[in-house]
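# Observations on chain architecture
So the chains spell out like this:
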Amino acid sequence: MNGEFERRKEIVYNLICDKHYVPMKIKELAILLQVAKEDRPQLEQILEELQREGKIELSKRGKYRKMEKVLLTGLFIGNQRGFGFVEIEGREEDVFIPEEGVGPAIHHDTVEIEILPGRRGKRAEGIVRKVLSHEIREIVGTFEKCKNYGFVIPDNRKLTKDIFIPIERSRGAMNGHKVLVELTSYGTVSKKPEGKVIKIIGHINDPGADILSVVYGNDLPLEFSERVLNQAERTAQQVSEADMLGRLDLREEQIVTIDGEDAKDLDDGISLTRDEQSDIWHLGVHIADVSNYVQENSALDREALKRGTSVYLVDRVIPMLPHALSNGICSLNQGQDRLALSCLMDIDGKGNVISHQIAETVIRVDRRMTYTSVKKILTDRDEEEIREYEELVPLFERMETLAGILREKRRKRGSIDFDFPESKILLDSNGKPVEIKPYDRNVATKIIEDFMLLANETVAQDYYWQELPFVYRTHDTPDPEKIQQLSAFISNFGYGIKNAKSEIHPKELQKLLARIEDSPEESLISRLTLRSMKQARYTVDCTGHFGLAAKYYCHFTSPIRRYPDLQIHRIIKDNLRGRMNPDRISHYESILPQVADQSSKLERRADEAEREVDKMKKVEYMQSRIGQVFEGVVSGMNSYGFYVELPNTIEGMVHVSNLYDDRYYYNEETYEMYGVDTGRVFRMGQRVKVRVLDADKEMRTIDFCICKDEESSGS
């Protein structure tokens, strides 16, 4: 019966595909095919199935015709469960690719796909028809040795196929070695990709091998070339009289740096005085003049552009510039003469910048301060610390007052402040995590943040009105559709967003975050609000920064660790020195779009690596705590289960299969998991007690189960 049905389906499809076929209604098809009246339901079934398969379509006039192929090109994003998605430029939603439609595509291939109409669900589905290019050339994974060959299991779970390694191309790798593999063949649907080992990173149990695997896996450049290092070493170690010529001398100003205890690349100093009579603040933000030592298109500059940013991992920093520069002549070290680019601002009592000057300067930092010390002075009123820095205490008190004024001004205009706690992960000498805790922003970190934001805005506004080529930091307004979805969701909790259907003002989201503060659903709604917003990026057009509610914004304050800052320092200096002629303007106009685009991409790469290492170390921390009980908060939910976040920022999942007391179902509209028989409900923000079931470092997953009430929690 089934064979006969398929044969008839083929006859119908061949007829509709015939070049002489004219679109027909079902009645006309039945007459042409001489289908008996009692067989009409089967013809209907055949036509429905051909539609579902995307082979034919029904016109508005009810006539059947061959489906025209819709071919699109995009970036394939793999998933460890076998399916994937294709990101298409200009298209808001990705196209879902079911496992059977992936074909030979691997993660980050550029592919041509065919859209399959008539699929279930809201999201468009497609099938990969052709792989146009491969982005991934090298992968990191764990080597497994067989008798006459080996294979590598990729660390990146979005790469779902093992890599075959001929034994003569294994470099002697043994079981459990972390290796870097160069792909020599990408395989086919039926044949695995093939590669050769180009580096043995270390054994899976070697200290540091796990983090190195992430470094190589994200293609982060670890070492500097001899040429780059030599160029950095040849840089002067002291500021000479010739260097200072023509610069504004601010060495008599009281200037401090405030950074973390372990920071070595100090690129921003602060000076602050106040005219009591006129109530005018004189704020100086002094930034290391890195562009004086990194000349455009030098080996150092090309390397910095290739790296884009410094990367901060838990056990190391991968710097944008060699340490000889970043920790030496470019670092605003205490008591040393240093070249700077200073933004000197006069600010009134309401926080408005009433005048400013951007100048090449020479400075000398009086004291290298830490966030902890300044917090002890201002918040803890620690007597010993106050005695130690007695002559600077009035400066810190002025800073606290002005920062508060600036913060309030930003709040009034609608600036959004997402205060998610970052993780502070402490490792022992073997790279094992021994403590994980939230890294709280304190009074000192906020002061520096407030002053840097103001300098970045002031510089961006200055250069916008000069109409010179520049690199801005932009954050576009969210898509109205995403805000409407957020609005519909939060209505379940009794919240609303004003003007959700039109272009939203950041103040509305700021008000929402203020209303949910300290509520059980705060974490969930904050995260969903963040997800509804676009990603900040570097652009040559000044379209404003939505999150900061700022019309003008750039990154000016960290040229040691961010390339866009270094780039705009060059533009500023060319302008200050009267060199911004038509040729220079044309030069910048030609190079800046690529600089902005590349810097955005490299920033995302660094963020992904930092997140991956943090996640890996959190899982490793929990591996030694399996069976222990903790208290946490339900922080996320989907049809597979719900996430629980512990006070130390570690997050794990309670899978539905580990909810033993009932059959649980997920309500997508209310973000609730409810038990059919018991009526028990798990909601966002709910406090729960969980036991650690498993922690898988390779998969980066932590599994929890809900505890019985009598189980006591550990720490």
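First things first, this report covers the structure right here in the doc. Note that the structure is a prediction, hence the values are computed from the model and not measured. Residue indices follow the written sequence of each chain, beginning from 1 at its first position. Residues qualify for local features only when their pLDDT is at least 70, as the model is predicted, and side-chain atom pairs are given and counted only at 80 or more; totals for whole chains, interfaces and linings, by contrast, use all residues. Side-chain numbers here rest on the full set of heavy atoms in the structure, without hydrogens or water.

### A word on the sheet that holds strand E26 (residues 629–638)
Note: two strands are recorded as paired if DSSP finds a minimum of 2 bridges between them. Going along the chain from the N terminus, every DSSP run of H or I of four or more residues is numbered as a helix, and every run of E of two or more is numbered as a strand. Spatial ordering of the closed barrel is given by E26-E27-E28-E33-E32, a layout of five strands whose pairing is mixed. Across the sheet, the mean angle separating the axes of adjacent strands is 50 degrees when strand polarity is ignored. Both E26 and strand E32 (residues 687–696) contribute to a ladder of five bridges, which runs antiparallel. When the sheet's bridge partners are listed, phenylalanine 630 is paired in E32 with valine 690. To define axes, lines are fitted to C-alpha atoms, for helices over the stretch in contact only, and angles between the resulting N-to-C directions are given on a 0 to 180 degree scale.

### Topic: unusual backbone geometry
Its identity is not glycine, yet alanine 549 carries a phi of approximately 55 degrees, on the positive side. In this structure, alanine 549 sits in the loop between strand E25 (537–539) and helix H16 (563–576). Unlike most non-glycine residues, threonine 649 shows phi in positive territory, near 85 degrees. Among the structural elements, threonine 649 can be located in the loop between strand E27 (641–645) and strand E28 (651–655).

### Remarks on the packing of helix H7 (residues 299–307) against helix H17 (residues 582–623)
Following both chains from N to C, one finds H7 and H17 inclined at 55 degrees, their axes separated by 8 Å at the closest point. Taken together, the axes of H7 and H17 lie oblique to each other. Counting all contacts with H7, which are made through Leu305, Lys306 and Arg307, the residues of H17 involved are Val595, Gln598, Leu602 and Arg605. We call Asp, Glu, Lys and Arg charged. Ala, Val, Leu, Ile, Met, Phe, Trp, Tyr, Cys and Pro are nonpolar, and the rest, Gly among them, are polar. Considering only residue class, the contact of H7 with H17 consists of three nonpolar, one polar and three charged. The labels follow the angle: roughly parallel below 35 degrees, roughly antiparallel above 145, roughly perpendicular from 65 to 115, and oblique for the rest. In this description, contact between two residues means that some pair of their heavy atoms is separated by no more than 4.5 Å.

### Some details on the packing of aromatic side chains
Aromatic rings in a pair are described by how distant their centres are and how their planes are angled relative to each other. Only the six-membered ring of Trp is used, alongside the rings of Phe and Tyr, when aromatic pairs are assigned; centres must lie within 6.5 Å, and planes under 30 degrees apart are stacked while those over 60 apart are edge-to-face, with the rest tilted. Counted according to the given criterion, the structure contains 12 aromatic pairs. Between tyrosine 149 and phenylalanine 164 the ring centres are 5.4 Å apart and the planes differ by 35 degrees, which places this aromatic pair in the tilted class. Here the residue tyrosine 149 occupies a position in strand E9 (residues 149–154), and phenylalanine 164 occupies one in strand E10 (residues 163–166), the gap between them amounting to 15 residues. Partly exposed residues are those whose accessible area sits between 20% and 50% of the maximum for their type, while under 20% is buried and over 50% is exposed, using a 1.4 Å probe and protein chains only. Overall, the relative accessible area of 29% leaves phenylalanine 164 in the partly exposed class.

### Here's the deal with the side chain of threonine 458
Note on placement: threonine 458 falls in helix H12 (residues 443–465). Accessibility expressed as a relative area gives 7% for threonine 458, which makes it buried. Each residue touching threonine 458, except ones within four places of it in the same chain, is listed here: Cys343, Met345, Val353 and His356.

### Overview of the side chain of serine 635
Along the polypeptide, serine 635 turns up in strand E26. On the accessibility criterion, serine 635 (4% relative accessible area) is buried. Polar contacts here mean pairs of N or O atoms no more than 3.5 Å apart (in protein, one a potential hydrogen donor and the other a potential acceptor; neighbouring residues in sequence count only if both atoms are side-chain atoms). In this structure the side chain of serine 635 is engaged in a polar contact, spanning 2.5 Å, whose partner is the side chain of glutamate 651. Filtering out sequence-adjacent residues up to four positions away, serine 635 remains in contact with Ser523, Arg527, Tyr643, Val644, Glu645, Glu651 and Met684.

### A closer look at the nonpolar core
Each nonpolar core is a collection of buried residues, namely Ala, Val, Leu, Ile, Met, Phe, Trp, Tyr and Cys, held together in the definition by side-chain atoms within 4.5 Å. Within the largest apolar cluster, 54 residues are counted, with the highest numbers of intra-cluster contacts made by Ile258, Leu283, Phe396, Met399, Phe451 and Phe556. At 11 residues, H12 tops the list of elements feeding residues into this core. The residues touching leucine 283, leaving out its near neighbours within four places in the chain, are Ile270, Ser271, Leu272, Cys343, Leu344, Met345, Ile347, Leu402, Phe451 and Leu454. Within the second largest apolar cluster, 43 residues are counted, among which are Leu486, Leu509, Val644 and Val690.

### Some thoughts on the sheet that holds strand E31 (residues 681–683)
Strand order across the open sheet formed by three strands is E29-E30-E31, with antiparallel pairing between neighbours. Looking at the sheet topology across the chains shown, the edges are occupied by strand E29 (664–667) and E31. Across the sheet, the mean angle from the axis of one strand to that of its neighbour is 20 degrees, orientation sign disregarded. Two elements, strand E30 (residues 672–675) and E31, share three bridges in a ladder whose sense is antiparallel. The residue bridging methionine 673 from the neighbouring strand is phenylalanine 682, located in E31.

### Regarding the pairing of E9
The side chains of a regular strand alternate between the sheet's two faces. Only one face of E9 is covered, namely the one carrying Gly150, Val152 and Pro154; the face carrying Tyr149, Phe151 and Ile153 has none of its residues buried. Note: strand E8 (residues 138–145) against E9, five bridges, orientation antiparallel. Along E9, the bridge assignment pairs phenylalanine 143 with valine 152. In this structure, E9 lies alongside E10, joined through four bridges in antiparallel fashion. Each residue of the ladder has a partner; that of phenylalanine 151, found in E10, is phenylalanine 164.

### Remarks on the pairing of strand E20 (residues 353–364)
Relative to E20, strand E13 (residues 248–249) runs parallel, the two sharing two bridges. Bridge pairing in E20 links leucine 248 to threonine 361. With 11 bridges joining them, strand E19 (residues 337–347) and E20 adopt antiparallel strand pairing. Among the inter-strand pairings, leucine 344 is bridged to a residue of E20, identified as glutamine 357. Here E19 folds back onto E20 in antiparallel fashion, the turn holding five residues, of which glycine 351 has a positive phi close to 90 degrees.

### Here we look at the pattern of salt bridges
By definition here, a salt bridge exists when the distance from a side-chain nitrogen of Lys or Arg to a carboxyl oxygen of Asp or Glu is within 4 Å. If you walk through the whole model with that rule in mind, you get 50 salt bridges. With its nearest N and O atoms 3.2 Å apart, the salt bridge here joins glutamate 57 to arginine 65. Judged by relative accessible area, glutamate 57 falls into the partly exposed class, the value being 22%. The exposure class of arginine 65 is partly exposed, given its relative accessible area of 36%. Across the pair arginine 441 and aspartate 417 runs a salt bridge, and its minimum N-O distance is 3.1 Å. Separated by 24 residues along the polypeptide, arginine 441 in the loop between strand E23 (433–439) and H12 and aspartate 417 in the loop between helix H11 (393–413) and strand E22 (422–427) bring together distant segments of the chain. With a relative accessible area of 49%, aspartate 417 lands in the partly exposed category.

### Considering helix H14 (residues 506–516)
Within the sequence span of H14, burial applies to Pro506, Glu508, Leu509, Gln510, Leu512, Leu513 and Ile516. Just past H14, the residue aspartate 518 takes up positive phi, approximately 70 degrees.

### Brief notes about helix H5 (residues 226–233)
Looking only at H5, the buried set comprises Val228, Gln231 and Ala232. An end-on view of H5 places all buried positions within 100 degrees of arc, on one side of the element. Within H5, the exposed residues directed more than 90 degrees away from the buried face are Glu226, Arg227 and Glu233. Relevant arc is that of directions from the helix axis to the C-beta atoms, nothing else.

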